[in-house]
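Here's the letter readout for the chains.
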Amino acid sequence: MLDRSEVGKRGYLNEGFRLFHLKDSRAPKLDYHYHEFDKLILLLGGKVTYVVEGVTYFLRPWDVLLVSHHLIHRPVTDPDRPYERAVIYLDPGFLQASGTRGEDLGLCFDLARERQFALMRPGGGERALGAVQLCTGLAHLAGSLAVTVLPPPRSRVRVICSSLLLSMSTEN
């Protein structure tokens, strides 16, 4: 596998996180690269293969790929199909600091790196459990980001009731 000294660093992050929605009808060919931040990719459409540290992932719509900071990777897209995705750039320090009760929100990236398996795909068995855990983690992350960005609510009771209703409606 390539060494970071042989590839370029791409992208920048001057805040705790950035969220993008991208759709390329002719996605540019990208060389191997790495980032100083963690990256979460949710494939919405198209046909793309991602190579992360020598492991090839053939993505399907609704797959989530976790690319930890400093991992060498590149996408290979099918030029005949639009490549649509949601991407979140996340500063590892921001993830660690944003957890509540000492939780490290970057743990999912650490586990993906440790297990050398970065793909979350909805499906049966263990993968379904992984998808549920991923959604739970993303909900925690979204809540932490919302609390960081949004002003305090006027009524905490309304927020609690809305959260309970949402939770009960999505339980099964």
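This one's a predicted model, so the numbers in the text were calculated from it and none came from an experiment.

(A) Looking closely at the sheet that holds strand β7 (residues 64-67). Reading across the sheet, the five strands line up as β2-β9-β4-β7-β10 and stay open at both edges, with antiparallel pairing between neighbours. Only two strands of the sheet have a single partner each, and these edge strands are β2 (17-24) and β10 (119-120). The sheet contact formed by strand β4 (residues 38-45) and strand β9 (residues 83-90) spans seven bridges and is antiparallel. Considered in β9, the bridge of K39 is made with Y89. Sheet strands in contact with helix α2 (residues 107-115) are β4, β7 and β9, and its direction is about 85° off that of β7.

(B) Looking closely at the pattern of salt bridges. Applying the stated rule across the entire model yields four salt bridges. Here D31 ties to K29 by a salt bridge, and the two come within 3.7 Å at their closest N and O atoms. Since its relative accessible area comes to 56%, D31 is described here as exposed. Note that D63 is salt-bridged to R121, the shortest N-O span being 2.6 Å. One end of the pair, D63, is in the loop between β6 (55-59) and β7; the other, R121, is in the loop between β10 and α3 (125-149), with 58 residues separating them in the sequence.

(C) Representation of the environment of K9. Mapping K9 onto the fold places it in strand β1 (residues 8-9). Taking the C-alpha atoms as reference points, K9 and H70, 61 residues apart in sequence, are found 8.7 Å from one another. When neighbours within four sequence positions are excluded, K9 is seen to be in contact with Y34 and E36.

(D) Quick look at unusual backbone geometry. Backbone geometry places H70, a non-glycine residue, at a positive phi of 75°. By the element assignment, H70 lies in the loop between β7 and β8 (73-77). With a relative accessible area of 23%, H70 lands in the partly exposed category. In the Ramachandran plot, Q116 falls in the positive-phi region, its phi being about 55° despite a non-glycine side chain. By the element assignment, Q116 lies in the loop between α2 and β10.

Conventions adopted
- Residues numbered from 1 in each chain as written.
- Predicted model: local features only at pLDDT ≥ 70, side-chain atom pairs only at ≥ 80, totals over all residues.
- Heavy atoms only, no water.
- Pairing = 2+ DSSP bridges.
- Helix = DSSP H or I, 4+ residues; strand = E, 2+ residues; numbered from the N terminus.
- Contact = heavy atoms within 4.5 Å.
- Axes fitted to C-alpha atoms, helices over the stretch in contact; angles between N-to-C directions.
- Salt bridge = Lys/Arg side-chain N within 4 Å of Asp/Glu carboxyl O.
- Buried < 20%, exposed > 50% of the residue type's maximum accessible area, 1.4 Å probe, protein only.

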